[in-house]
Amino acid sequence: MSERRRRTPDPGGDGQQPPGGGGRQGGPGRDELSSDGIGRRRPPGVRETAQQPRMGRAEMRKAAQKGGKGGRRGAAAASAAAAAGPGKKRFIDYPRFGKTGVRRWLPSWKQWLTAFLTVFAACVGVVFYLYQTTEIPQLKDLVKDQNTIYYWADGTEMTRKGDTNRQIVELADISPTLQNAVIAAENETFRTDSGVDPKGMLRAVYNMAKGGETQGASTITQQYVKNAYLSQEQTLTRKVREFFITLKINQKMEKPDILKGYLNTSWFGRNANGAQAAAQAYYGVNAKDLNLCQSAMLAGLLKGANYYDPTKAANRQRAEDRWKWILDRMVETKNATAEERAKCTTFPDPVPLKPSSNMNGEVSYLVDTANKYVMATDKTITQQMIDKGGLKIYTTFEKDKVDALKKAVDDVKNENLNLQKRPDQDKWVQFGSASIRPGDGAIVALYGGDGVENGHFDNNADAIGVQVGSTFKPFVLATAMQLGVQTATDDKGKPKRINADSRYLSDDMSEIRKPDGSLVIGDDGKPYRQKNEDSGKRGYVSLRQAMQWSYNVPFVQLNQDVGGQNVANIAEQMGIKKESFADPKTPTFALGTSTISPIRMATAYGTLAASGKESEPYSVTKVEVDGRERAGFGKKDAKVALEPAVADNVTDVLVNVAKNGTGSKSNALGRPVAGKTGTTDQNKSAWWVGYTPQLVTSVAMWREDPTKHERLSLNGTGGKESIHGGDIPTDVFTRYMKAALANEKKMDFPTPQPVGTEVDSSGAPSTASPTASPTMIDTPTAPPTQQPGPTQTQPAGGNNPPQPPVPTQGGGNCVPGVDCPAPQPTQTQPTKTHPGPTNTCILPGLCNSTQPTTTPTDPPTTTTSPTKSGKPTSTPAGGGQVAPAG
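Keep in mind that this is a model prediction, so the values were computed, not measured.

**A look at the overall build of the protein chain**
Here is step 1 of the chain: Summing up its helical and strand segments, the protein chain has 25 helices and 21 strands in all.
Here is step 2 of the chain: Within the protein chain, buried positions represent 50% of all 886 residues.
Here is step 3 of the chain: Across the protein chain, contacts joining residues at least 24 apart in sequence account for 69% of those joining residues at least 6 apart.
Here is step 4 of the chain: A total accessible area of about 42,800 Å² is found for the protein chain, and carbon and sulfur atoms account for 52% of it.

Below, the structure is given as structure tokens:
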């Protein structure tokens, strides 16, 4: 038997060292388990007792693997560590001694309980501290009036607002109907709740954490705390403070006192803080004299006066809907009877707004534009915060240019409008204009209306609802140059990109075809026919010439060839808001049925002026709140919307419009100008959007009945049969730009690089696409002098604009490639390498039969309209759109 098996145990702990005791030498150790516990020592090598457990083989093997390379050496080290014991006792046994693996790092239940109690005690202490240190100031101490100051671009003060209209009254001096309406709309459980809505606060915190839209306080008590004791910013810190202050107020104040404080500090719009100020501002009565109908309207403003003030046309329907909802809600919550509700059948219109004198002229519209930009850029800044004061807003508006734009509009109005002579036609005429620096986006001037002092409160420079007419056509041309037409493909199988020499049919009442050649069908189930401004039959013309005289038919067809949605996408890239577009699938989308603001039209044309780079418009360069600057304001990085060659070629086409076409009144500016006129169906609006390399300006003109908010025709306005974009709007533009650019040097537009190829319209005869010289065809050196014939109407372009060429019987003013006689062939005539336009007779029976119809190299051009129904009729068929040229 081996020595190990023969080893006898040490049952009594007599201190005898067994044979072969590990070969260790040293003094005797103390026997900690002896019965007497005194003076006995265990020799080294004797195994540990239960108090200090011996490591098992598996544990020693694991320790050896971790402790070193050699198994025995590692095991010895592990054994020695175990024999050494836990050492000095730690205050927190973590990592836990004697545990291995994951268990070593898992706290014990005692440690978990200790941690929980510690955190809980700390939270209670913080809550107790905040609760004890929260003070409720007197209501009179809450009024700290400040001003919000606006500055011109040069840093001088423009105006200031913030003379807060606030009158603190007792609850007894506030109509019970207003009290009940507010409770029904904002917090129906106000009289019984604890003042805090935990679910609402958690929702708000969650929204802020994920970066979503913030929301207001949930209960009247919380809203009172926010109004009276805290700032309007939406932050987690403010929400936590709001919670603790609400708890204390709800415990220390009675419900009537809380309601009194809330109604005296709430913002109702019109610069009115509190129920008394609101009653005076909206209805000219004291708060105690408000009736149920008026009270429900005022209660609706608490959700956001910017959106529910019925004075603004865009808010009217929204305000009425909320007014009805609050009245019904009052009945449901027993804050009013059904009989009382039944008396409110007519919406209580507020009295006219009394503007502050420092907001007269264009200042109110400049402030409105700046406020919208500030709130859109920094979501934590609200209208209520702006009205409360403490902000410094530095704008991009240049005073001299704002004054020059207003003078230009006023002078043109005084020269053309006369209410005594034409009380009906010259009434309710409105203008809207915006001037922007291309490549930068800074809005330097606006014309928003006649001024709030004259009862005009809407900002026309940012107006929606006014169709832009033919000023939309450049977007169609840009799309065709950038993306190509679907009627032809390049060598890669992609839509073929075209240039301004491409020829499209321009005949009045022409049928329109889809890219596959099929006819576009109108709403009545018949082939759709498009009308021009006049009834001329000019056959196929280049897109340059079609833009020059603003023919509708070519661009309606081109819109089909490139796809209306593609046009919308390109226009959006150039700066147009998506929500402004009409349905891109309609045939007349290319004619400007979309309603776009002057600011956005100037932005999109600025993209052309900047060789394809779109710069977002901005009106504020810096904002300070209580002395601290907010980030995110000022110029944004430009984005590439179009290829430079595309933008420059479109500009080249629009230079021809301004010089030789419908915008020729701009020649008086005396420097290179590009632009486009626009006139809409029934002559309800007229536009000119023009630009130089330094400045782009849009001018819109329309008539609107303020009582019905309906657009009226401009026919007869100013004593003119009709108003077109090349008339009064171009006149305003020219006068303003003369003053605005007086100290700036004349600059030429970039020379356009070639782009695309000549591609004729779908359905065009193959012989209708000669590669003629653009100079010979599209940009005449002098405007044609031929006057319209007896069957023609004068195209847009002003009082006496250059007229488009008219078909004649040989010679005279003719349209090259359409009705000009071809040169007489001779036997010695050399063969042309670049064939010119060919003769086309579009008036059968009237053509000179003796004129040659062919040349040796140029076959005759047929101008038959690609329709199946023969000659177009004189009235629209198939849903034809009577849309005048611009």
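**A closer look at the nonpolar core**
Here is step 1 of the chain: Core analysis: the biggest nonpolar cluster contains 118 residues, and F472, F475, L558 and Y736 have the highest contact counts within it.
Here is step 2 of the chain: Among the elements that line this core, the one with the most residues is helix α23 (residues 644–660), at eight residues.
Here is step 3 of the chain: Of all hydrophobic cores here, the second largest spans 50 residues; its members include A184, Y224, A228 and L259.

**Notes on the pattern of salt bridges**
Here is step 1 of the chain: Within this structure, the stated rule accounts for 36 salt bridges.
Here is step 2 of the chain: E157 is paired through a salt bridge with R160; the nearest N and O atoms lie 3.0 Å apart.
Here is step 3 of the chain: With a shortest N-O distance of 3.6 Å, E186 and R322 are connected by a salt bridge. Separated by 136 residues along the polypeptide, E186 in helix α5 (residues 176–186) and R322 in helix α13 (residues 316–332) bring together distant segments of the chain.
Here is step 4 of the chain: With a relative accessible area of 12%, R322 lands in the buried category.
Here is step 5 of the chain: Within this structure, E398, K401, R437 and E744 form a network of salt bridges that share partners.

**Topic: the packing of aromatic side chains**
Here is step 1 of the chain: Tallied over the entire structure, the rule returns 12 aromatic pairs.
Here is step 2 of the chain: With centroids separated by 5.4 Å and ring planes inclined at 85°, the aromatic side chains of W323 and F347 adopt a geometry described as edge-to-face. Here W323 is found in helix α13, whereas its partner F347 is found in the loop between α14 (338–342) and α15 (363–377), with 24 residues between them in sequence. Both residues of the pair, W323 and F347, belong to the buried class.
Here is step 3 of the chain: Between the aromatic rings of F472 and F589, the centroid separation amounts to 5.1 Å while the plane-to-plane angle is 70°, which identifies the pairing as edge-to-face.

**Structural notes on the environment of G448**
Here is step 1 of the chain: The residue G448 is located in the loop between β7 (443–447) and α18 (473–482) in this model.
Here is step 2 of the chain: The class of G448 is buried, set by a relative accessible area of 0%.
Here is step 3 of the chain: Excluding residues that lie within four positions of it along the chain, G448 makes contacts with E362, Y365, F431, H456, D458, N459, N460 and A461.

**Section: a nonpolar patch on the surface**
Here is step 1 of the chain: A surface patch of nonpolar side chains, amounting to about 670 Å² of accessible area, comprises W109, L113, F116, L117, F120 and V124.
Here is step 2 of the chain: Accessibility expressed as a relative area gives 53% for F116, which makes it exposed.

**Quick notes on helix α17 (residues 399–416)**
Here is step 1 of the chain: Taking 1.5 Å of rise per residue, 18 residues should cover 26 Å, and α17 covers 26 Å from first to last C-alpha, within 8% of that figure.
Here is step 2 of the chain: Looking at α17, one finds that the buried residues are K401, V402, A404, L405, A408, V409, V412, K413 and N416. The buried residues of α17 occupy an angular sector of 170° when the element is viewed end-on, so they sit on one face. What points out from α17, more than 90 degrees from its buried face, is the exposed set D400, K407, N414 and E415.
Here is step 3 of the chain: Against the buried residues of α17 lie α15, β6 (429–436), β7 and α24 (728–740).

**Concerning the packing of α5 against helix α11 (residues 292–301)**
Here is step 1 of the chain: For the pair α5 and α11, the least separation of the axes is 8 Å and the interaxial angle reads 40°. Considering the angle they form, α5 stands oblique to α11. Once α5 is placed against α11, the crossing between them reads as right-handed. Side by side, α5 and α11 meet where T177, L178, A181, V182 and E186 of the first sit next to L292, S295, A296, L298 and A299 of the second.
Here is step 2 of the chain: Classifying every residue of the contact of α5 with α11 gives seven nonpolar, two polar and one charged.

**Things to note about the side chain of N371**
Here is step 1 of the chain: One can find N371 in helix α15.
Here is step 2 of the chain: For N371, a relative accessible area of 5% corresponds to the buried category.
Here is step 3 of the chain: Excluding its chain neighbours within four sequence positions, the residues that come into contact with N371 are Y150, K161, Q383, I386 and I393.

**Here's the deal with the pairing of β6**
Here is step 1 of the chain: Of all eight residues that make up β6, eight are buried, and the element is covered over most of its length.
Here is step 2 of the chain: Neither face of β6 is exposed, since V429, F431, S433 and S435 on one face and Q430, G432, A434 and I436 on the opposite face are all buried.
Here is step 3 of the chain: For β6 and strand β20 (residues 696–705), the ladder comprises eight bridges, and the chain directions are antiparallel. Across the sheet, S435 pairs through a bridge with T697, a residue of β20.

**Side note on the sheet that holds strand β1 (residues 148–151)**
Here is step 1 of the chain: The five strands are arranged β2-β1-β5-β15-β16 in an open sheet whose pairing can be described as mixed. In this open sheet, the two strands that pair with only one neighbour each are β2 (157–161) and β16 (628–629).
Here is step 2 of the chain: As paired elements, β1 and β2 share four bridges and run antiparallel to each other. Counterpart to Y150 in the pairing with β2 is T159.

**Thoughts on unusual backbone geometry**
Here is step 1 of the chain: With phi around 65°, M509 is a residue other than glycine that occupies positive phi space.
Here is step 2 of the chain: Its location among the elements puts M509 in the loop between β10 (503–505) and β11 (510–511).
Here is step 3 of the chain: Classification of M509 as buried rests on a relative accessible area of 2%.

**As for the packing of α5 against helix α9 (residues 255–265)**
Two packed helices can be described by the angle between their axes and the distance between those axes.
Here is step 1 of the chain: It is at 12 Å that the axes of α5 and α9 come closest, and there the two elements cross at 90°. When the interaxial angle is binned, α5 and α9 end up roughly perpendicular. Facing α5, whose interface residues are Q179, V182, I183 and E186, α9 presents L259, Y262 and L263.
Here is step 2 of the chain: Residues of the contact of α5 with α9, tallied by class, amount to five nonpolar, one polar and one charged.

Quick notes on the rules
Residues numbered from 1 in each chain as written. Predicted model: local features only at pLDDT ≥ 70, side-chain atom pairs only at ≥ 80, totals over all residues. Heavy atoms only, no water. Helix = DSSP H or I, 4+ residues; strand = E, 2+ residues; numbered from the N terminus. Buried < 20%, exposed > 50% of the residue type's maximum accessible area, 1.4 Å probe, protein only. Contact = heavy atoms within 4.5 Å. Areas by Shrake-Rupley, 256 points an atom, 1.4 Å probe, with all protein chains shown as cover. Core = buried A, V, L, I, M, F, W, Y, C linked by side-chain atoms within 4.5 Å. Salt bridge = Lys/Arg side-chain N within 4 Å of Asp/Glu carboxyl O. Phe/Tyr/Trp six-rings, centres within 6.5 Å; stacked < 30°, edge-to-face > 60°. Patch = residues over 30% accessible without salt bridge, like charges linked within 9 Å, V, L, I, M, F, W, Y side chains within 5 Å. Expected span 1.5 Å × (residues − 1). Arc of directions from axis to C-beta. Axes fitted to C-alpha atoms, helices over the stretch in contact; angles between N-to-C directions. Parallel < 35°, antiparallel > 145°, perpendicular 65-115°, else oblique. Left-handed = near helix turned anticlockwise from the far one by under 90°. Nonpolar A, V, L, I, M, F, W, Y, C, P; charged D, E, K, R; others polar. Pairing = 2+ DSSP bridges.

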